[in-house]
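Structure assessment
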Amino acid sequence: MPAQFQPVSPEISGRLRQDKNILLEVLQSLARTVLVRERAVALPLAGVSFEAFAGERWDELGFDARTRAMAGAGLDSMFGGAGIAEHALAACAYPRDTLALVHDKWVKGSGDIFFFSSGSTGAPKAARHSWDMIMQEISCANGLLGDVSGVFGLTPMQHSYGFIFSVLFPALRGLRAQALPPLPTIAREVIGPKSMLVGFPDFWRNMPHDGYAPPPGLQCVSATAPWPVDEQAALRRSGFVNILEIYGSSENGVIGWRKHQEHPFELAPHWRRGEGHDEAFIRHMPDGSDFVTPMQDQLAWEGERRFRPVKRLDNAVQVSGINVYPARIAALVAAHPGVSCCRARLMRPEEGRRIKMFVVPKAGWNEAELRASIKDFCRKQLTAPERPGSITFGPNLPKTQYGKDSDW
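Residues numbered from 1 in each chain as written. Predicted model: local features only at pLDDT ≥ 70, side-chain atom pairs only at ≥ 80, totals over all residues. Heavy atoms only, no water.

1. Quick word on the sheet that holds strand β4 (residues 178-179)
Formally: Two strands qualify as a pair provided DSSP detects at least 2 bridges between them. Secondary structure counts use DSSP, requiring at least four H or I residues in a row for a helix and at least two E residues in a row for a strand, with both numbered from the N terminus. Residue contacts follow a heavy-atom distance rule, with two residues in contact if any of their heavy atoms lie within 4.5 Å. The convention used is that axes are lines fitted to C-alpha atoms, helices contributing only their stretch in contact, and that angles between N-to-C directions extend from 0 to 180 degrees.
An order of β4-β3-β5-β6-β7-β8-β9-β14-β13 is seen for the nine strands of this open sheet, with the pairing classed as mixed. Edge positions in the sheet fall to β4 and β13 (297-301), since each has one partner strand and no second. In terms of strand pairing, β13 meets strand β14 (residues 306-312) through five bridges, oriented antiparallel. When the sheet's bridge partners are listed, Ala300 is paired in β14 with Arg308. Together, β3 (150-153), β5 (195-199), β6 (219-222), β7 (243-249) and β8 (253-258) form the strand contacts of helix α8 (residues 160-172), whose direction differs from that of β5 by roughly 160 degrees.

2. Observations regarding the nonpolar core
Keep this limit in mind: The term nonpolar core refers to a set of buried residues drawn from Ala, Val, Leu, Ile, Met, Phe, Trp, Tyr and Cys, joined through side-chain atoms within 4.5 Å. Think of it in three bands: with a 1.4 Å probe and only protein chains considered, a residue is buried below 20% of the maximum accessible area for its type, exposed above 50%, and partly exposed in between.
Core analysis: the biggest nonpolar cluster contains 70 residues, and Phe79, Phe163, Phe165 and Leu168 have the highest contact counts within it. Sequence-distant contacts of Leu168, that is, excluding residues within four places in its chain, are made with Leu16, Ile22, Trp131, Ile134, Met135, Ile138 and Phe163. Judged by nonpolar contacts, the second largest core, of 18 residues, contains Val339, Cys342, Ile355 and Phe393.

3. What about the packing of aromatic side chains?
The test is simple: Only the six-membered ring of Trp is used, alongside the rings of Phe and Tyr, when aromatic pairs are assigned; centres must lie within 6.5 Å, and planes under 30 degrees apart are stacked while those over 60 apart are edge-to-face, with the rest tilted. Two conditions define a charge located above a ring, namely a distance within 6 Å from the ring centre to NZ of Lys or CZ of Arg, and an angle within 35 degrees of the ring normal.
Overall, the coordinates contain 19 aromatic pairs when judged by the stated rule. With a centroid separation of 5.8 Å and an interplanar angle of 55 degrees, the aromatic rings of Phe115 and Phe163 are classed as tilted. With a gap of 48 residues between them, Phe115 in strand β1 (residues 113-116) and Phe163 in helix α8 connect regions that are remote in the sequence. Phe163 matches Phe115 in its accessibility class, with the two residues each being buried. Residues Phe200 and Phe203 carry aromatic rings whose centres are separated by 6.1 Å and whose planes lie at 45 degrees to one another, so their mutual orientation is tilted. An identical accessibility class is assigned to Phe200 and Phe203; each is buried. Three or more aromatic residues link up through ring pairs in this structure, and these residues are Tyr247, Phe265, Trp271, Phe281, Trp301 and Phe307. In this structure, Arg96 is placed above the aromatic ring of Tyr94, and the distance from its NZ or CZ to the ring centre is 4.4 Å. If you follow Lys356 out to its NZ or CZ, it ends over the ring of Trp408, 5.1 Å from the centre.

4. Some thoughts on helix α2 (residues 20-39)
Here is the rule: To estimate the expected span of a helix, count its residues, drop one, and scale the result by 1.5 Å. Under this definition, polar contacts are N or O atom pairs within 3.5 Å; protein pairs additionally need one hydrogen-donor-capable and one acceptor-capable atom, and for neighbouring residues in sequence, both atoms have to be side-chain atoms.
The end-to-end C-alpha distance of α2, which contains 20 residues, comes to 27 Å, matching closely the 28 Å that a straight helix rising 1.5 Å per residue would cover. Its side-chain oxygen placed 2.9 Å from the backbone nitrogen of Asn21, Asp19 serves as the N-cap of α2. Downstream of α2 by one or two residues, Ala40 has phi in the positive range, about 55 degrees.

5. Details of the pattern of salt bridges
Worth spelling out the cut-off: Only one rule defines a salt bridge in this text: a Lys or Arg side-chain nitrogen within 4 Å of an Asp or Glu carboxyl oxygen.
Overall, the coordinates contain 29 salt bridges when judged by the stated rule. Between Glu38 and Arg66 there is a salt bridge; the shortest N-O distance is 3.2 Å. With Glu38 in helix α2 and Arg66 in helix α4 (residues 65-79), this residue pair connects regions lying 28 residues apart in the sequence. The class of Glu38 is partly exposed, set by a relative accessible area of 28%. The class for Arg66 is partly exposed, based on a relative accessible area of 43%. Where Lys108 meets Asp104, a salt bridge forms, and the shortest distance between an N and an O atom there is 3.4 Å. Here Lys108 and its partner Asp104 are both found in helix α6 (residues 95-108), four residues apart, which amounts to about one turn of the helix. For Asp104, a relative accessible area of 39% gives the class partly exposed. Connected via shared salt-bridge partners are Arg348, Glu350, Glu351, Lys356 and Asp407.

6. Re the sheet that holds strand β19 (residues 388-393)
Here we have three strands laid out as an open sheet, ordered β17-β18-β19, and mixed in their pairing. Whereas interior strands pair on both sides, the edge strands pair on one side only; in this sheet they are β17 (339-346) and β19. Averaged over all neighbouring strand pairs, the angle between strand axes comes to 25 degrees, with direction disregarded. Summarising the sheet, β17 and strand β18 (residues 355-361) pair through seven bridges and their orientation is antiparallel. Each residue of the ladder has a partner; that of Arg345, found in β18, is Lys356. Sheet contacts for helix α12 (residues 326-333): β17 and β18; angle to β17, the most-contacted strand, approximately 160 degrees. Relative to β19, helix α13 (residues 367-381) is tilted by about 150 degrees, and along the sheet it contacts β17, β18 and β19.

7. Considerations on the pairing of β19
For the record, the criterion: With strands facing away from the observer, any crossover in which the path from the first strand over the helix to the second runs clockwise is taken as right-handed.
Inspection of the sheet shows β18 paired to β19 by five bridges, in the parallel sense. Residue pairing across strands places Ile355 opposite Pro388, the latter belonging to β19. Each parallel crossover has a hand, and for β18 linked through α13 to β19 it is right-handed.

8. Structural notes on the pairing of strand β2 (residues 126-129)
The alternating pattern of β2 places Ala127 and His129 on a buried face and Ala126 and Arg128 on a face that is not buried. Bridge analysis of β1 against β2 gives four bridges, and the strand direction is antiparallel. The residue bridging Phe116 from the neighbouring strand is Ala126, located in β2.

Structure, rendered in structure tokens:
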């Protein structure tokens, strides 16, 4: 293992696991997510420190029994495996009570953490990570990053990427991250020399500003979605030169990284190329075993430890017992003369059991006429299980605020 990727010692690992601040930061992030989704709050808990959040009453923060149970259940699902009853979490009057309930259970338990995917390629699912696996992740992050005076997180701390880089990494360095809304105007005001910003491509696209020079030693970290080469190059030309791009997923954590858009990604020390070469990654687990996971992208390899993503691999879903490929369906429909771009995915259970489609029309097309034309096009080009059961139109493809494909 390269010298910079030293394993976390048992003493530090134990200290981190006992640190209640780790769960507190995640709980506040979950609370923000709930307020955005359920209350349509634009900048939830803006300016509220972690300590102030913990000591305020849930109702004074804008939560009723249902929404505070949602925030608490999210924390429990991530750290406890959904073992605390919803009514117990709803009965907690303060975030600190919710925190204590989950932390006590988690510390006494296995130490497993569950990250939930965004569902960008299908239904969201939980991925279990042991605490020892998490320590592999943080030793990798620590080895990739230089001297840091402050960490600013712009992504949810309950997600794998946000948790490793915005929660555990600063805790390992004796720091506390500051959560920021993903607004470049705010970020430019608060960052200083040797700051670290944990962002995502759509955020970085808007970070440069005429007359603004980034502070010396600023470190820019990006993940969650593909980052167009020209956009990263434009960021560098604006003075943002210390960039770390992460390749990974909720299921697997950090798989690789690169520090320049023209370079290939380098595999993290605990990963290697699968024996099938183009079909799988192999993770060397902390207990000495190997774990094989399929690749989510088609990769072009440059040797055994460097690679470039080429394109997303099709993921099959089942409709009426038949495997269909949403990416293939979207590619075919995108060839329709009235379609600018589109996405296809399996309906949620409450919506039905067929494929649904989101279409961005080209200028000049009437929606009703385009809908009829697409249906006729699909009857000629697709099999019955592949044909969309619903079509939604809009000016832009649905994305999360962090630039990933989202449901609609």
